[in-house]
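Now for the letters of each chain:
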Amino acid sequence: MKSDAPLPWPLKVLGILFVVAVLALILLGQVDRTLLGAAAIGAASVAVLLGLSVVADFRGSARWLGQYAKDNASLFFNGSAPDSGVYRIVGVGFVVLGAAIGAVVLTHLPQ
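Residues numbered from 1 in each chain as written. Predicted model: local features only at pLDDT ≥ 70, side-chain atom pairs only at ≥ 80, totals over all residues. Heavy atoms only, no water.

**Structural notes on the nonpolar core**
If you look at the biggest cluster of nonpolar residues, it comprises six residues: Leu-11, Leu-14, Leu-50, Val-54, Ala-62 and Trp-64. Counting residues per element, the ones that place at least two in this core are α1 (9-31), α2 (36-55) and α3 (61-71). Beyond its immediate stretch of four places on either side in the chain, Leu-11 contacts Leu-50, Ser-53, Val-54, Ser-61, Trp-64 and Leu-65. (Core = buried A, V, L, I, M, F, W, Y, C linked by side-chain atoms within 4.5 Å. Buried < 20%, exposed > 50% of the residue type's maximum accessible area, 1.4 Å probe, protein only. Helix = DSSP H or I, 4+ residues; strand = E, 2+ residues; numbered from the N terminus. Contact = heavy atoms within 4.5 Å.)

**Some thoughts on the packing of aromatic side chains**
Each aromatic ring pair is summarised here by two numbers: the centre-to-centre distance and the angle between the ring planes. Counted under the stated rule, the structure contains two aromatic pairs. A centroid spacing of 5.8 Å and a plane angle of 80° characterise the contact between Trp-9 and Phe-58, whose relative ring orientation is edge-to-face. Linking Trp-9 in helix α1 with Phe-58 in the loop between α2 and α3, this pair joins segments that are 49 residues apart in sequence. For Phe-58, a relative accessible area of 39% corresponds to the partly exposed category. Arranged with centres 5.7 Å apart and planes meeting at 80°, the rings of Phe-18 and Phe-94 form a pair that is edge-to-face. With a gap of 76 residues between them, Phe-18 in helix α1 and Phe-94 in helix α4 (residues 84-108) connect regions that are remote in the sequence. With relative accessibility at 26%, the residue Phe-94 sits in the partly exposed group. (Phe/Tyr/Trp six-rings, centres within 6.5 Å; stacked < 30°, edge-to-face > 60°.)

**Quick notes on the pattern of salt bridges**
Evaluation of the coordinates by the stated rule reveals two salt bridges. As a salt-bridge pair, Asp-57 and Arg-63 come within 3.3 Å of each other at their nearest N and O atoms. Judged by its relative accessible area of 13%, Asp-57 is buried. Note that Arg-88 is salt-bridged to Asp-57, the shortest N-O span being 3.5 Å. Of this pair, Arg-88 sits in helix α4 while Asp-57 sits in the loop between α2 and α3, and the two are 31 residues apart along the sequence. (Salt bridge = Lys/Arg side-chain N within 4 Å of Asp/Glu carboxyl O.)

Given below as structure tokens:
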């Protein structure tokens, strides 16, 4: 099953940026430790922005997540899925994830 609604551009752009930022964080952690802090702050910032776009339902991000879940609900959900308000919790999770990454980097990264 495929959802007919197109992916909102904030989720698309920020999702791609988040994947790129995490890959840069992994690669720079192995190659160049001087840029590790900048890559971590970049990943944290993108995670917070991604979470805020879902929490605020920017351009229908939370509604799209709810509709996508309803369209692709598996047998575990008995053919139903929660409404878009529940998916704002996912956004809060990304905000907390970004804040945690930022806090760890700012407090534990060697100078």
